[in-house]
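Listed below are the residues making up each chain.
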Amino acid sequence: MARLANYFVVVGYDLDNRVEGEGQGRILQRFPEKDWEDSPFPQGIELFCQPSGWQLVPERQAASFFVAVLTDINSERHYCACFTFWEGLDSPQLKKVDAGDADEADEEPAVVQHSKLFAPKSLVVVSRLDYTEAFRNCLGLIYTVHVDGLSTPLETVIGNLLTCVIPVAGGSQIDESPVCSLDKVPQSPACDWLLACLQPGPEEREDSLRTITLGAGDRQVIQTPINDALPVSGSSVAQLFRQLGIVNVLYLFCAALTEHKILFLSSSYQRLTDACRGLLAIMFPLKYSFTYVPILPGKLLEVLSTPTPFIIGVNSFFRSETQELLDVIIADLDGGTVTIPECVHISLLPEPLLQQTQTALSMVLDPELEFSDQAFPPQSMNPSALKIQDKEIRAVFLWLFARLFQGYRWCLHIIRIHPEPVIRFHKAAFLGQRSLTEDDFLMKVLDGMAFAGFVSERGPPYRATDLFDDLVANQVERIRQEEACPHKVMNHVKELAEQLFKNENPYPAVAMHKVQRPSETSQSTDQSRTPFPVLDDVAVQLFIDHAVAKLKSSPPVVKAELKSMVPSGPPLGDIVDRNGNVMANSARRLEVVRNCITYIFDNKMLEAKKLMPAVLRALKGRTARVCLTQELNQHVLQNRAVLDDQQFDYIVRMMNCTLQDCSHMDEHGIAATLLPLVTAFCRKLGAGITQFAYSCVQEHMVWTTMQFWEAMFYSDVQNHIKALYMETDDGNQQSNSQDQQDGSGNRREISALELAAEQNRLWPTLSKEMQTERVQKEESTVFSQAIHYANRMSYLLLPLDTSKNRLLRSSGLGDVESVSNSYVTNSIAGSMAESYDTESGFEDAESSDVANSVVRFINRFVDKVCNESGVTNEHLKALHTMIPDIVQMHIETLDAVHRESKRLPPIQKPKLLRPTLLPGEELVMDGMRVHLIPDGRDEATGQMGGPPLLPAEGAIFLTTYRLIFKGTPSDALVGEQIVTRSFPIASLTKEKRISVTLTMDQFVQEGLQLRSCTFQLMKIAFDEEVASDLAESFRKHLHKLRFPQHVQGTFAFTVGQTGKLVLEPKTKDKNQSLKTLSKNLVKNAKRTISRQYVGRKKEVPATWENRSNFQSELDEDEISVSEEVDQSALTLSSTIRSSDRQTMSNVVERACCRDYQRLGLGTLSNSLTRSKNEPFRISTANRMYTVCRSYPGLLIIPQNIPDSTIHRICRCYRQNRFPVVCWRHSRTKAVLLRSAGLHAKGVVSFFKSPNAPTAVPSQADSTSLEQEKYLQAIISSMPSYSESTGRNTLSGFTSTHMNTSESSDKLRQPKIGDLMKQVLGNKEDVPGTFSRGALGQKAKVISLSQPKVSGKARNSPRGKWGSIRGSGRLSAYNPDIGTRLAGKESPQPNGGPNDPLFLRQQKAYLYIIGDKAQLKGGKQDSFQQWEVIPIEVCDVRQVKNSFKKLMKACVPSSQTTEPNMSFLRLLEDSEWMTLLHRVLQVSVLVVELLDTGSSVMVSLEDGWDVTTQVVSLVQLLSDPYYRTFDGFRLLVEKEWLSFGHRFSHRGAQTLGSQSSGFTPVFLQFLDCVHQIHLQFPMEFEFSQYYLKFLAYHYMSNRFRTFLLDSDYDRIELGVLYEEKSDRRNPQVCKSVWDYIDRLNKKAPVFYNYMYSPEDEEVLRPYTFISNLKVWDFYLEETLSDGPPYDWELRSRQESLAEETAEKADTGAPKSQRHIVWPCYDNLSKVMPDAITKLLQDLQNLEAELGQTSEKWKDTWDKIKTTQRTETKLESKPSFSSSLLMSSNLSHQRRSQGVCLQDSRVGSSIKLGLDCEASATSTPVAGRPSTSTLYSQFQSTESENRSFEGILYKRGALLKPWKPRWFVLDKTKHELRYYDSRQDKDCKGVIELSDVESVTVGTPTMGAPKNVEEKAFFDLKTSKRMYNLCAQESSNAQLWMDSIQSSLSDA
């Protein structure tokens, strides 16, 4: 029984006491005055009566009621029901208030008196019970009695209220006497009636029904819940869902369970209380145990910043103060929102539970939703009444918890039964069995306080049960079956809701509420009411005392609790397994595990070895691991299993693999089942010394986890205690009960909890002695287990070699370093131990250190478990003294084991294989044993099919040139293969230390990850036999070799010398003339150029002074004397003394003069007079490298520019790289120039108007004038310019030159517009100032800008030239500008008139492609004939970063399944393709400009990166010569080597350039060439392999070709001309070109068989990213013998392979099949293409016959010519075209045709670049094109063409003869004919099956003229006769034969 109300309090406004102008409340009266013993009076009630503060108001407000909840220090909740009404203040009181306010008010107090003020007063009931409605009625009654002045005294009513007693739950068993029969009370009738009511009738006794009255003519029924364990919610839950909605409440629910802070806001206090109550109700069966304040007074708002979780309600009035709370979830009940701060992450319910819960809730709250789409919805679909709905919602949450916690009782460990049960929950096992270890929500809930309370409350096995116990035990099966069907779930929910409702309202029919309310008049009238009277405390106290006395005299209330055994429900395992989400391993895998174990114990080691890798893979799955533990268990006899070394090794390896995947929680209990096994399996090491498996499996997290040991300990204790009681209970009579149970299988074994319940039930019946005996037995059981576990823990925590504490990694022993080395299986221990020198002096100290840490860990464990399981203090002390002894004893045994284990024979490891080395390559460090770990590429790991080649075991070798791994795969099935991975040291880009866990031996090993820019990645783990200092020295050597001090330290220079790493001083060079030249060049470069003229007298020219010891006296006579002083006449031969002439001829050859002569750009003749009519000349101004160090010695400049000008011009350009000509178009004579960007100071002057008047020509002006002259000279040299203008002056410059190449230029011009649109198109920055020709037709002058644009207009540039954006992706171009450039009409953006004649506008003579950033601020002059195209270049930083990302994309370091880490995503992120696209795009633009006759000057950055790329690509695209072997070599030598691309700097080849990083500008160029090659495979003499070869060796430093930064550097080192002269070591090629030549002579590796060039073909590749392909150079790998670019290695390996094959046993039959693995074999070698194969076979046959084999090239040329003559049909297809027929070249083509459709409006132009569809297009008039060749062999045609050509066919009946393209198809057995060769649509088919005869015909009427008679033939079919005619008789004969042969074939 419990009191309905503990205290009644009257609280009023405190007029006397105001703090800082704020009102206070004070308790006016409270009853009883003394505190009850069982519930003290709560403090601070006055704050809670007015939570927003005590204030006086000018108008009376309506009475209010709410319930606040206060929690006392014992976590007991007190419900304070506050009834507040307002009383007017009388004058004296007001004066008090005014006096207080007088300081603040200015007016007289009299003025205030007129306004009436009202003060609040609260009546409060404090109770431990939560009966909101009852309290509302009682307080309302008291107020009514006061206001309406009823006759009942208030004291009586309050006295009755305070003495009312009701049952807590389930009704009471006794009669209760009246509590209000005092004599004093005059209202005896009411009392009698009350007495009658309070006597329960016999039928009501057990019921939870209570009728009460307070003696004022009122009565009300209080229904107490049947079971008080279930919360009472009224309709608060339903209200909460209505206010916030389903999702929001679920968020709050999860937040409350996972211990977040929750704050409710509302303007209604009662709603705050209800919402909090509702949230707690749905959390049942968990109880909220943190701060819970449904209504928080404003004064206590600082409580909100508490660090602990809470559920608090606050009035919306204080909303602003809650804004700065960062970690509080705010639920606004009035607005229906829940605000979750950013920093708060709420874990939601696991799926599918969340979804199912939401569905169920929406069916309860909104049943119409389900039927809202139906045509005939059911009639009555209203949701239930609010009270019922409330219970339905709670039922959904009950159902949810039943699913969340199903089977929880199977994870309870009972560790003590007497004197009271001690229970622990095994969280890991629970999560493991549910497969929810990763689930954040469940983890947090199980770790939370609420769940701890749940376990301690519901854990005991013998107690009263409730609805939840029943649900979780008996209805799991039902829930599981119904969970997928919402309607069945709803039925279940409704059943549960009914029970909940019944519990709360046992008598729903009885609702007897007779309570008076205040009359309307008294509420409305505002006459001065009497204030609430002061009550007579004596009268009230009498009531209370009387009731207390009465209770004392009555017998005590005994509520008989119905205790019973709590059912456990079905075990968890079954549930989950039936769901099938755990049985991941197939039976086959388990079979493999079982077989392997059987083989091991049957000593079939070879079989076991083969199965081992499969077993280790299978052990990733949980069932396989369980299977392993079960199998091993069967081989243990009497706790012991002795094995031999090999068996022991395998078993340990499997155990390690099993443990490796166990988390530290051990949720599947694998480590737990292995724990007894590791102490069982052992091997004999020597006399009486045994090594157990535990000494080899220590390296796992699980052993250092305290929770694991606790769970293990508790489960063992539970088993022992269970055994203890099974024995005592069974006694003698049932000694065989175990056998019965197990044997019959009918009785299942009794669980520990059931046993405990039975014992608890019997406990009261036992005698005292029996009880103490049982307690002692249990306690000693726990104690003995604690000792056992101290031993076990010392086994697994003490390492075998206790001296190695600090050397091994520390892990989680708390404050302890763990020292475990699980990998000491065989003699590894021995080899390891020797490498650590342990002196005896330190040994004890170190081992004691280990001992201490282990002792501390075990002590912590023992303290915890013994305190929890109630071990006595004496026993605990005993344990503490024992533990150090146990540890010490174990250390001593381990020492002996360790000593013996060293003596074991070493494990057999695979033999180290020696790599084959190049000639001149030497080993720096011999092989170190390592494991090659798989990286992120799938191919070699067997994931994509095929056996796993990696991981492999072998050795790593460091040579002067490469880093080589060679070894064999760890997988026994591919053990005979050899894996090689290598890369040149010079290509190493990143080296990083890693730690690796190998699958086979579970120890962590240090390793290295080495990444190379040849797209190789080596992840190696050093074997344990490699000492760490050795690994360190390996790293140092590697570093030294990668970054030598000087370029002479690279392999290309040191090759053939001794492999010392020391850089030796250079020996004297034998080539003296070289020496002198290089010496003098260096010296004299530093001098000025003032003395360059040769005097008339015989004197040595100053610049070429020869100071070497080689100088001869005769030299003077040999100087040829120049008669003229004119600089231009100073040819080389005239100024060089004879001793240097040979060298200079080298210079001439090197400077690519051959090429200049080929292009007609000037000659070097010995005659002093030079033909002045040549526009250009070869200048020797830079022969001393004084003008520009990075340029070659000889340069092409305009004829009429003297050398002196050059010295001045070059200062304007960066690095002095002034514009020089590098190529001339053979047809248009336009030239291509290259230079660096302008210096910043030169830019403005460069663009200044040349006519600007300047007073004194300053230095800058003169330079800019020189510059203008220079550019003008270039323009003047163009034939189109000289033809168009009479005089080469600016004034005479008109635009009449259009007539020169009118036809072609008109056609081409728009094309360029289109190109510009692509190159420059981009909305943001498209300068509009350069639109030329927009002034209309009359303007003869070409204006570079719209009529003068002011500086402001430049800030918002729009118009013709845009720029390539720097961001990396090309944005869509501005369509407006695009159309204008493409020649379509559009309004001018800057107001110029529309120009219909835009197509005919003038083009500039010279386009300067400049860097946009450089060209800011310069105005272009209207009279200049050059135009600047600003583009944004990608700087080298971009290239460098892009390449890094590309490497990571192509060769990832580890496997990942993240979608945003896929290959294509990473490739896109790298932006490599975007950069290629940009370079190609600009190049194609330049090609177009040159092709239309304008010259182009590429002037970007420093002129040696992007400039070189663009210039080289332009020449490659425009000039077929550069697509041959010689031409490409020349191109690279000229543009890349001579013009000073900084190979050493960009390749980071030396220590100095290490910081700059690797920037593959040249590789980018090769990739661009590769892209063009893909699109035009018939235009290149060299193959793709040639490009890959160059790409590899450009980074490898094997050759000197790509070393150093310029010719100047090469001469300085004396390496420029030695390549040819050095014949000492013919093996060692110093130049990559020589090497390629040699190789090309031997074998056709570099040759492209499809090479079939067309004359003067200009290539225009597609440049869109979608047309570019990833180069397979980046992706391919050959594990059989490393990268295929060092040919000597290949030949050596082949010869070795042959030798071994000969030695091999010839008896065995040899299979002809060869399996080819894509990542292992070199495909081109194993499966050569048909032609290579035939050429090889030919050579082999010739060799066999003893003939001298012909060179392959000659053979090939012969075949080619014969092929051509044979197939001279009408079409005359070349040999390669017949090749093409068989090859499928759908996406490749020769050129992009431009399709011009003439129409009346004008010519609309469709550019090949714009759309892929025009790949097959009609060729431009007047230019032969082979695009037709490609078109007919597109893959769209599935037809076969056996024979084809043109035949004239006579039409049927009077139709003339017409030429048709006939195709004979033997496959389909038909003869088809088309209108023309290009035609796709077949015009007719002659079935060969219908043909009767083929005969020679005769000419008939209308036959083609000039055709021989014999060319006619007739084809007779069953349907008609075809008259056909070939162009010549031989052709006709061929046709007849072909048709005849196909007829006979059929």
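Predicted, not measured: the structure shown is a model, and the values here were computed from it.

Caption draft 1: Spatial organisation of the overall build of the chain. What the chain contains, in helices and strands, is 64 helices and 45 strands. Evaluated residue by residue, the chain yields a buried proportion of 55% over its 1946 residues. The long-range fraction of contacts in the chain, counting pairs at least 24 apart against all pairs at least 6 apart in sequence, stands at 72%. Split by element, the accessible area of the chain, about 85,900 Å² in all, is 53% carbon and sulfur.

Caption draft 2: Molecular detail of the packing of helix 49 (residues 1472–1491) against helix 53 (residues 1561–1575). Put simply, helix 49 and helix 53 touch, their axes get as near as 10 Å, and they point 75 degrees apart. One finds that helix 49 runs roughly perpendicular with respect to helix 53. Residue-level inspection shows W1472, M1473, L1475, L1476, V1479 and L1480 of helix 49 in contact with helix 53, the latter providing Q1564, D1567, C1568, Q1571 and I1572. Grouping the constituent residues of the contact of helix 49 with helix 53 by class yields eight nonpolar, two polar and one charged.

Caption draft 3: Local environment of helix 29 (residues 752–762). Counting buried positions along helix 29 yields eight of 11 residues, so the element is predominantly enclosed. Those residues of helix 29 not exposed but buried are A752, L753, E754, L755, A756, A757, Q759 and N760.

Caption draft 4: Summary view of the sheet that holds strand 42 (residues 1884–1887). The antiparallel open sheet is built from seven strands, whose spatial order is 42-41-40-39-45-44-43. Each edge of the sheet is formed by a strand with only one pairing partner; in this case those strands are strand 42 and strand 43 (1891–1896). Pairs of neighbouring strands in the sheet enclose a mean axial angle of 35 degrees, with direction left out of account. Bridging between strand 39 (residues 1843–1850) and strand 40 (residues 1857–1865) involves eight bridges; their strand directions are antiparallel. Paired with G1845 across the two strands is F1862, which belongs to strand 40. Helix 64 (residues 1929–1945) rests against strand 39, strand 40, strand 41 (1870–1874), strand 43 and strand 44 (1912–1917) of the sheet, and its axis sits at about 155 degrees to strand 43.

Caption draft 5: Just the packing of aromatic side chains, in detail. If you walk through the whole model with that rule in mind, you get 82 aromatic pairs. When the ring of F1562 is compared with that of F1565, the centres are 5.9 Å apart and the planes differ by 35 degrees; the resulting orientation is tilted. One end of the pair is F1562 and the other is F1565, both in helix 53 and three residues apart, which spans about a single turn. Classification of F1562 by relative accessible area gives buried; the value is 0%. Among the residues examined, F1565 registers a relative accessible area of 0% and is labelled buried. Residues Y1647 and Y1649 carry aromatic rings whose centres are separated by 5.9 Å and whose planes lie at 70 degrees to one another, so their mutual orientation is edge-to-face. For R3, the ring lying beneath its charged end belongs to W36, and the centroid distance is 3.8 Å. In this structure, K116 is placed above the aromatic ring of F118, and the distance from its NZ or CZ to the ring centre is 5.9 Å.

Caption draft 6: Just a positive patch on the surface, in detail. A cluster of basic residues, K990, K992, K1444 and K1448, forms a positive patch on the protein surface. When contributions to the positive patch are tallied by element, the ones reaching two or more residues are strand 27 (988–997) and helix 47 (1436–1450). Given a relative accessible area of 38%, K992 falls into the partly exposed group.

Caption draft 7: Structural context of the pairing of strand 23 (residues 923–933). Examined bridge by bridge, strand 23 and strand 24 (residues 952–959) share seven bridges and lie antiparallel to one another. Each residue of the ladder has a partner; that of L923, found in strand 24, is T959. In this structure, strand 23 lies alongside strand 29 (residues 1016–1022), joined through four bridges in antiparallel fashion. Within the sheet, the bridge partner assigned to L932 lies in strand 29 and is I1020.

Caption draft 8: Region of interest: unusual backbone geometry. With an omega dihedral of 10 degrees, the bond running from F284 to P285 counts as a cis peptide bond. Of note, P285 is situated in the loop between helix 9 (269–282) and strand 11 (291–293). Following L950, the chain continues into P951 via a peptide bond in cis, with omega recorded as 0 degrees. Despite not being glycine, E259 shows a phi value in the positive range, around 65 degrees. For E259, the position within the fold is in the loop between helix 8 (246–257) and strand 10 (261–266). E259 gets classed as partly exposed once you look at its relative accessible area, which sits at 28%. In the Ramachandran plot, L1604 falls in the positive-phi region, its phi being about 70 degrees despite a non-glycine side chain. Structurally, L1604 is set in the loop between helix 54 (1584–1596) and helix 55 (1607–1613). Looking at L1604, the relative accessible area reads 8%, which means it is buried.

Caption draft 9: Representation of the packing of helix 22 (residues 587–601) against helix 25 (residues 645–660) within the structure. Following both chains from N to C, one finds helix 22 and helix 25 inclined at 155 degrees, their axes separated by 9 Å at the closest point. Between helix 22 and helix 25, the interaxial angle falls into the category roughly antiparallel. Seen from above, helix 22 lies across helix 25 with left-handed handedness. Between helix 22 and helix 25, the residues in contact are C596, I597, I600 and F601 and Q647, Y650, I651 and M654, respectively.

Caption draft 10: The nonpolar core, seen in detail. F8, F253, F264, F405 and F681 are the most contacted members of the largest nonpolar core, which has 263 residues in total. Per-element tally for this core: the top contributor is helix 27 (residues 706–730), with 11 residues. Ignoring any residue separated from it by four or fewer positions in sequence, one finds F405 in contact with L286, F430, R434, V445, L446, F451, F454, F468 and V472. Of all hydrophobic cores here, the second largest spans 142 residues; its members include C1013, Y1405, W1633 and W1671.

Caption draft 11: The arrangement of the sheet that holds strand 22 (residues 689–692) in detail. Sheet architecture is open: three strands sit in the order 20-21-22, paired in mixed fashion. Unpaired on one side and paired on the other, strand 20 (641–643) and strand 22 mark the two borders of the sheet. Sheet twist, expressed as the mean angle between neighbouring strand axes with direction ignored, is 45 degrees. By the bridge criterion, four bridges tie strand 21 (residues 681–686) to strand 22 in an arrangement that is antiparallel. Its bridge partner lying in strand 22, R683 is registered against Q691.

Caption draft 12: Representation of the pairing of strand 5 (residues 77–88) in the model. Of all 12 residues in strand 5, 10 are buried; the element is thus mostly enclosed. As paired strands, strand 4 (residues 64–71) and strand 5 are joined by eight bridges and run antiparallel to one another. For F65, the partnering residue across the bridge sits in strand 5 and is F83. Pairing analysis gives 10 bridges linking strand 5 to strand 6 (residues 118–127), with the strands arranged antiparallel. Each residue of the ladder has a partner; that of C80, found in strand 6, is V126.

Caption draft 13: Looking closely at the pattern of salt bridges. Scanning the model with the defined rule gives 74 salt bridges in all. Residues E1676 and K1588 are paired through a salt bridge, measuring 3.2 Å at the closest nitrogen-oxygen approach. Here E1676, found in the loop between helix 57 (1632–1642) and helix 58 (1687–1703), pairs with K1588, found in helix 54; they are 88 residues apart in sequence, far enough to count as distant. In this structure, R1598 engages E1688 in a salt bridge whose closest nitrogen and oxygen atoms are separated by 2.6 Å. Of this pair, R1598 sits in the loop between helix 54 and helix 55 while E1688 sits in helix 58, placing them 90 residues apart in sequence. Among the residues examined, E1688 registers a relative accessible area of 16% and is labelled buried. Taken together, the shared-partner salt bridges connect D1155, R1158, R1234, D1519, K1534 and E1535 into one network.

Caption draft 14: How the structure looks around the confidence of the model for the chain. Of the residues in the chain, 72% reach a pLDDT of 70 or more, and the chain-wide mean stands at 74. Mean pLDDT values over the elements of the chain span from 35, in strand 38 (residues 1803–1806), up to 95, in helix 53. Predicted confidence for residues 731–746 stays below pLDDT 50, and this span has eight contacts to residues more than four positions away or in other chains. Note that residues 805–846 has pLDDT below 50 and, in this model, 96 contacts with residues that lie over four places away or in other chains.

Caption draft 15: Local environment of helix 47. A rise of 1.5 Å per residue sets the reference length of helix 47, with its 15 residues, at 21 Å; its end C-alpha atoms lie 21 Å apart and thus fit the reference within 8%. Taken together, the buried positions of helix 47 are occupied by V1439, K1440, S1442, F1443, L1446, M1447, A1449 and C1450.

Caption draft 16: Summary view of the side chain of K1849. Within the secondary structure, K1849 sits in strand 39. Buried K1849, no salt bridge; nearest opposite-charge side chain is D1875, N-O distance 9.0 Å. For K1849, the contacting residues outside a window of four places in its chain are P1856, W1857, K1858, R1860, F1862, Y1873, Y1922, N1923 and L1924.

Caption draft 17: Structural detail: the environment of F1218. Counting through the fold element by element, F1218 comes out in the loop between helix 40 (1203–1209) and strand 32 (1220–1224). A residue is classified by how much of its surface remains accessible, and F1218, at 1% relative accessible area, is buried. For the pair F1218 and S1235, spaced 17 residues apart in the sequence, the C-alpha separation amounts to 5.1 Å. The residues touching F1218, leaving out its near neighbours within four places in the chain, are V1187, Y1191, L1195, I1197, I1206, I1209, C1210, Y1213, R1234, S1235 and Y1270.

About the cut-offs
- Residues numbered from 1 in each chain as written.
- Predicted model: local features only at pLDDT ≥ 70, side-chain atom pairs only at ≥ 80, totals over all residues.
- Heavy atoms only, no water.
- Helix = DSSP H or I, 4+ residues; strand = E, 2+ residues; numbered from the N terminus.
- Buried < 20%, exposed > 50% of the residue type's maximum accessible area, 1.4 Å probe, protein only.
- Contact = heavy atoms within 4.5 Å.
- Areas by Shrake-Rupley, 256 points an atom, 1.4 Å probe, with all protein chains shown as cover.
- Axes fitted to C-alpha atoms, helices over the stretch in contact; angles between N-to-C directions.
- Parallel < 35°, antiparallel > 145°, perpendicular 65-115°, else oblique.
- Nonpolar A, V, L, I, M, F, W, Y, C, P; charged D, E, K, R; others polar.
- Pairing = 2+ DSSP bridges.
- Phe/Tyr/Trp six-rings, centres within 6.5 Å; stacked < 30°, edge-to-face > 60°.
- Lys NZ or Arg CZ within 6 Å of the ring centre and 35° of its normal.
- Patch = residues over 30% accessible without salt bridge, like charges linked within 9 Å, V, L, I, M, F, W, Y side chains within 5 Å.
- Salt bridge = Lys/Arg side-chain N within 4 Å of Asp/Glu carboxyl O.
- Lys, Arg positive; Asp, Glu negative; His and termini not counted.
- Charge placed at Lys NZ, Arg CZ, Asp CG, Glu CD.
- Left-handed = near helix turned anticlockwise from the far one by under 90°.
- Core = buried A, V, L, I, M, F, W, Y, C linked by side-chain atoms within 4.5 Å.
- pLDDT = per-residue confidence, 0-100.
- Expected span 1.5 Å × (residues − 1).

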